[in-house]
Amino acid sequence: MSEKIQIEGLYKIFGPNPKKGLELSKKGLSKQEILEKTGMTVGVQDANFTIDEGEIFVIMGLSGSGKSTIVRMFNRLIKPTAGNVLVDGQNVTTMTHDELVSFRLHNMSMVFQSFALLPNLTVLENAAFGLELAQVDKKKRNERAGLALAQVGLEGWEDSLPAQLSGGMQQRVGLARALAVDPAILLMDEAFSALDPLIRTEMQDELINLQEKQKRTVVFISHDLDEALRIGDRIAIMEGGRVVQVGTPEDILQNPADDYVRAFFRGVDPTNVISAGDIVRDVYPTIIKTKDGSLRTTHELLSQKDRSYGYVLDSQRRFLGLVSTESLTKAIEENTGKASLDKAYIKDATAVNMDDSMQDILPEVASRNWPIPVVNENNVYKGVVSKYSFLKTLHRADQAVA
C-alpha cells in the first residue's frame, strides 16, 4: 500500500509571535509551559506520520488535543507554523494561492460537523455547489451531484430544500457534496458527532460501504473511541498537540504507548477489536494432499512431531480438512485397501476467517478440542488459534489497559 499523505515535523503555534513559541516547543517545553510563559497556544507539536492510500485514518483525542487543527493544515485552511504536508509528493505548505485553490477543488473535499447547507438551494444544488465553484457546466455538475446523492441514499430528494430533511439526511447531503467532486482524499471533521446515536451508526455504515466500493483516502476526526474502533483502519491519538501513538486498533489496545492512551482504551472489550488474524500462529503440522493422500504416512508425520492434529491443504495451501491421530487410526482400521486421506477428516472441523473478531470465534474456540484453522478470503490456510493463544491474548490486553 502506497503512502498518500506524509506529515513531517508539523507545528502550529497560535499567538502574536509563533516563531518564539516554536523555538520553546523545540526546546522541549510543554503546551502548558509555553502558554504560561508567552500566552501563546500550541495547537500541534512536531507531528510526524503517514497515511496510506485507500485507508480510513482516524485522528482522535479530547477537546483541545489538536485534532481539528491538524486536519485543517492538510488543506491549509490553517497555515502551519513549521513542517510539511505532502500529498502524492506535492508540498501543500509551499503552494501558491492559485495552486492551493486548484488543489482543494480537485484533490481534497471536507465534511464538517455542521451540515453547512445553503437553505435557499435545493438538495441537488447543494450537492453540486463544490462543482459550481470549480466552474463545471450545469448539466455535468447536476449529473455528478445526482450520482453522489444516489450513493448516499437520497435519490428522489433532489428537489427538496434542506429544511424538509432530517438531521441525518442533511448530513448525507453534506457527504454527497464532498463526493460529487470525486476527491482522492476526504477530510471529515467530527462529521457525525451532531447526529443521534442511531443515525450516527447508519452514517458510519454508509461511509464503510462507500469505502468498500471506491477506496478513497479518508481522514476522520473523532473524539468517540467506539466510532474510531468501528471505522478506522488505523488511529492516531493526540494529546496536548502531540501525536502520542499511531497504529491499528489492535496494536494500540495491546501495546498502549503511555497512561493517556491506556486510559482511552480502558473498558474496551478486546474481543471486539482483536481479530483472528492478529493472534493466528502457524505452529501445527500441515499436510499437502496428493491425489490419493496417505493415511499411514500422515499418521507417522503427526507421531514424529508429537502432535495430535494436522491440517490438510491442497497444492495452493487452501484448507481442505483436519485430521487427528485418532481419526487416522480409525480410518486405517476401517479401510483395509488404499484409502483417501479425506476418510480421516474430522467432520465438525470448520475454518474461521482472518477478519473474524475474537468475539466471533469464541464459541468455536471454546467448544472444540483442536486449535481452530484460520484462512483468508481465498480459503488459504494461515495457521491456527488455540485456546492457549486466545487466553494469553486476553490476559495481555487486560494488563495493557489496566
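The paragraphs below set out a description of the structure included in this document. Bear in mind that the values here come from a model prediction, so they are computed numbers and not experimental data. The numbers attached to residues start from 1 for each chain and follow its sequence in the written order. Local features in this predicted model are restricted to residues whose pLDDT is 70 or higher, and side-chain atom pairs enter the listing and the counts only when it is 80 or higher, whereas totals over whole chains, interfaces and linings include all residues. For side-chain calculations, the full set of non-hydrogen atoms in the structure is used, while hydrogens and water are omitted.

Quick word on the environment of Ile332
Here is step 1: Under the scheme used here, helices are H or I runs from DSSP no shorter than 4 residues and strands are E runs no shorter than 2 residues, and both carry numbers assigned from the N terminus. Structurally, Ile332 can be placed in helix H16 (residues 325-334).
Here is step 2: The spacing of Ile332 and Ile56 is 276 residues in sequence and 53 Å in space, taken between C-alpha atoms.

Describing the side chain of Ser327
Here is step 1: Mapped onto the fold, Ser327 is located in helix H16.
Here is step 2: A relative accessible area of 14% places Ser327 in the buried class.
Here is step 3: In this structure the side chain of Ser327 is engaged in a polar contact, spanning 2.9 Å, whose partner is the backbone nitrogen of Ser324.
Here is step 4: Note on contacts: a residue pair qualifies if any of its non-hydrogen atoms lie within 4.5 Å across the two residues. What Ser327 contacts, discounting residues up to four positions off in sequence, is Ala344 and Ile346. Burial here depends on accessible area, computed with a 1.4 Å probe over protein chains only, as a share of the maximum for the residue type. Under 20% is buried, over 50% is exposed, and the range in between is partly exposed. Under this definition, polar contacts are N or O atom pairs within 3.5 Å; protein pairs additionally need one hydrogen-donor-capable and one acceptor-capable atom, and for neighbouring residues in sequence, both atoms have to be side-chain atoms.

Observations concerning the packing of helix H8 (residues 167-180) against helix H9 (residues 197-214)
Here is step 1: Here an axis means a line fitted to C-alpha atoms, over the contact stretch when the element is a helix, while the angle between two N-to-C directions is reported on a 0 to 180 degree scale. For the pair H8 and H9, the least separation of the axes is 10 Å and the interaxial angle reads 25°. With respect to each other, H8 and H9 are oriented roughly parallel. For the crossing formed where H8 meets H9, the hand is right-handed. Of H9, the residues touching H8 (which contributes Gly168, Gln171, Arg172, Leu175 and Leu179) are Ile199, Glu202, Met203, Glu206, Leu210 and Gln214.
Here is step 2: Ten residue types, Ala, Val, Leu, Ile, Met, Phe, Trp, Tyr, Cys and Pro, are classed as nonpolar, four, Asp, Glu, Lys and Arg, as charged, and the remainder, Gly among them, as polar. Considered class by class, the residues forming the contact of H8 with H9 number 5 nonpolar, 3 polar and 3 charged. The scheme is simple: roughly parallel for angles under 35 degrees, roughly antiparallel for over 145, roughly perpendicular for 65 to 115, oblique for anything else. Handedness of a crossing follows from how the near helix is turned relative to the far one, being left-handed for an anticlockwise turn of less than a right angle and right-handed for a clockwise one.

Topic: the nonpolar core
Here is step 1: In terms of nonpolar packing, the biggest core is built from 74 residues, with Leu175, Met188, Ile237, Phe265 and Tyr311 touching the most fellow members.
Here is step 2: With 7 residues, H8 is the single largest residue contributor to this core.
Here is step 3: Source of the domain bounds: an automatic or database domain assignment. In this structure, this core is formed jointly by two domains, domain 1 (3-274) and domain 2 (278-397), each of which donates at least three residues.
Here is step 4: Residues Leu10, Ile78, Met108 and Ile185 belong to the second largest nonpolar core, which totals 28 residues. In this description, a nonpolar core means a group of buried Ala, Val, Leu, Ile, Met, Phe, Trp, Tyr and Cys residues linked to one another through side-chain atoms lying within 4.5 Å.

Any functional reading would require information beyond the geometric quantities listed.
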